[in-house]
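Summary of the model geometry
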Amino acid sequence: MAWKRVNSALVSVGVLSGVGVIFVFAYLKQVNTQAAIPSSYEEAVIQRIRAEQAQTDPLVTYIPEGLRGTDEVPEMNTTDPMYGNAKAQVSIIGFVDLECPACKELDELIRKRVDDSNGTLRFIWKDFPIPRIHKNSQDAAEAARCAQQQGKFFEYTQDLFSNQATLGEAVYIQAAEEENLDLAAFTNCRVADEMLSLIQRDYLTGRSFQVEETPTLYVGGRRLKGVVTEEELDAALDQAFGR
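Let me begin by describing the structure that accompanies this report. Worth saying up front: this structure is predicted, and the values here are computed from it rather than measured.

Overview of the sheet that holds strand S4 (residues 90–96)
- Within the open sheet, the 5 strands sit side by side as S3-S5-S4-S6-S7. Their pairing is mixed. The strands lining the two open edges of the sheet, one partner per strand, are strand S3 (82–84) and strand S7 (222–225). Between one strand axis and the next, the sheet turns by 20° as a mean value, whatever way the strands run.
- Where strand S6 (residues 216–219) and S7 come together, 4 bridges link them in antiparallel fashion. Along S7, the bridge assignment pairs Leu217 with Leu224.
- Across the sheet, helix H5 (residues 153–162) lies against S3, S4 and strand S5 (121–127), angled at about 65° from S5, the strand it touches most.
- On the sheet, helix H9 (residues 230–241) packs against S4, S5, S6 and S7 and is oriented at approximately 170° with respect to S7.

Encoded structure:
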């Protein structure tokens, strides 16, 4: 069993069987008792990851090694959906729930800023569904990730945001048809939960960075959360670009 000292507490890492995984999340809950994330969802994520990894390499885990500071910035993964120029000077990293009204409003603003940036700004998407508050959030995230497999992630999420009040199976299929997706491949992806592990990894990454609500953004090195105004976003961008 491996251990790591985090904020004067010993936390087990890299362990899948029993105590290690549970101890990490017990520690997360102990130091962050005001988090809005329900323990039942965390436990479901842990169980899913444990079951998957039991069939592959039992020493590899997505469980975070400990809480990161709120001034740290998550890394981009190669599987993260990206909107904009891959070589952009500045990145916005956003933890998003597709059923979150504030995420919908901010998504439009972020896309506009990226479109107007002449290739100097990009948006990195990380999933952070909160099913206790938004019951369709995980299913919506999975559908969007299956659209990502066909190169239509941001087109598809825009469709979902446009129909946010009525998210459900009919909307997922309608959006897939509107984006001319291969419906058989799209359906197979969703039925097989092919993209669930990516969503779970994003969620656990967010928890390790003490993300508690959506949207939570990292603009350069600055963290913004909750209802982010246009003025706040622009001020963070000005700081990131050194303007």
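Some details on the pattern of salt bridges
- Under the criterion given, the structure shown has 9 salt bridges.
- Where Asp116 meets Lys112, a salt bridge forms, and the shortest distance between an N and an O atom there is 3.0 Å.
- Given the relative accessible area of 48%, Asp116 is considered partly exposed.
- Of the charged contacts in the structure, one is a salt bridge between Arg190 and Glu169, with a shortest N-O distance of 2.9 Å. In this pair, Arg190 is assigned in helix H7 (residues 183–191) and Glu169 in helix H6 (residues 169–178), connecting sequence segments 21 residues apart.
- Classification of Glu169 as partly exposed rests on a relative accessible area of 45%.

Observations concerning the packing of helix H4 (residues 137–148) against helix H8 (residues 196–208)
- The contact between H4 and H8 brings their axes to 9 Å, and the two run at 120°. Here H4 lies oblique to H8, going by the angle between them. Both H4 and H8 take part in a crossing whose hand is right-handed. Residues Gln138, Ala141, Glu142 and Arg145 of H4 touch H8, and the partners they reach there are Leu196, Leu198, Ile199 and Asp202.
- Classifying every residue of the contact of H4 with H8 by side-chain character gives 4 nonpolar, 1 polar and 3 charged.

Some thoughts on the side chain of Ser137
- Here Ser137 lies in helix H4.
- A polar contact is formed between the side chain of Ser137 and the backbone oxygen of His134, at a distance of 2.7 Å.
- If near-sequence neighbours (up to four positions away) are discounted, Ser137 is found in contact with Asp97, Glu99, Pro129, Ile130 and Pro131.

Here's the deal with the packing of aromatic side chains
- Scanning all chains against the criterion turns up 12 aromatic pairs.
- Here Phe128 and Tyr203 contribute two aromatic rings whose centre-to-centre distance is 5.0 Å and whose plane-to-plane angle is 25°, an arrangement assigned as stacked. Within this pair, whereas Phe128 is found in the loop between S5 and H4, its partner Tyr203 is found in helix H8, the two being separated by 75 residues in sequence. Like Tyr203, Phe128 is buried.
- Pairing Phe209 with Tyr218 gives two aromatic rings, centres 6.4 Å apart and planes at 75°, and the pair type is edge-to-face.
- Accessibility expressed as a relative area gives 7% for Phe209, which makes it buried.
- On the basis of relative accessible area, Tyr218 is assigned to the buried category, the value being 0%.
- Here a set of aromatic residues connected by ring pairs shows up, and it is made of Tyr83, Phe123, Trp125, Phe153, Phe154 and Phe161.
- Residue placement shows Arg111 over the ring face of Tyr83; its charged tip is 5.7 Å from the ring centre.

Calculation notes
Residues numbered from 1 in each chain as written. Predicted model: local features only at pLDDT ≥ 70, side-chain atom pairs only at ≥ 80, totals over all residues. Heavy atoms only, no water. Pairing = 2+ DSSP bridges. Helix = DSSP H or I, 4+ residues; strand = E, 2+ residues; numbered from the N terminus. Axes fitted to C-alpha atoms, helices over the stretch in contact; angles between N-to-C directions. Contact = heavy atoms within 4.5 Å. Salt bridge = Lys/Arg side-chain N within 4 Å of Asp/Glu carboxyl O. Buried < 20%, exposed > 50% of the residue type's maximum accessible area, 1.4 Å probe, protein only. Parallel < 35°, antiparallel > 145°, perpendicular 65-115°, else oblique. Left-handed = near helix turned anticlockwise from the far one by under 90°. Nonpolar A, V, L, I, M, F, W, Y, C, P; charged D, E, K, R; others polar. Polar contact = N/O pair within 3.5 Å; in protein donor to acceptor, adjacent residues only side chain to side chain. Phe/Tyr/Trp six-rings, centres within 6.5 Å; stacked < 30°, edge-to-face > 60°. Lys NZ or Arg CZ within 6 Å of the ring centre and 35° of its normal.

Bear in mind that shape data such as this cannot, by itself, settle questions of function.
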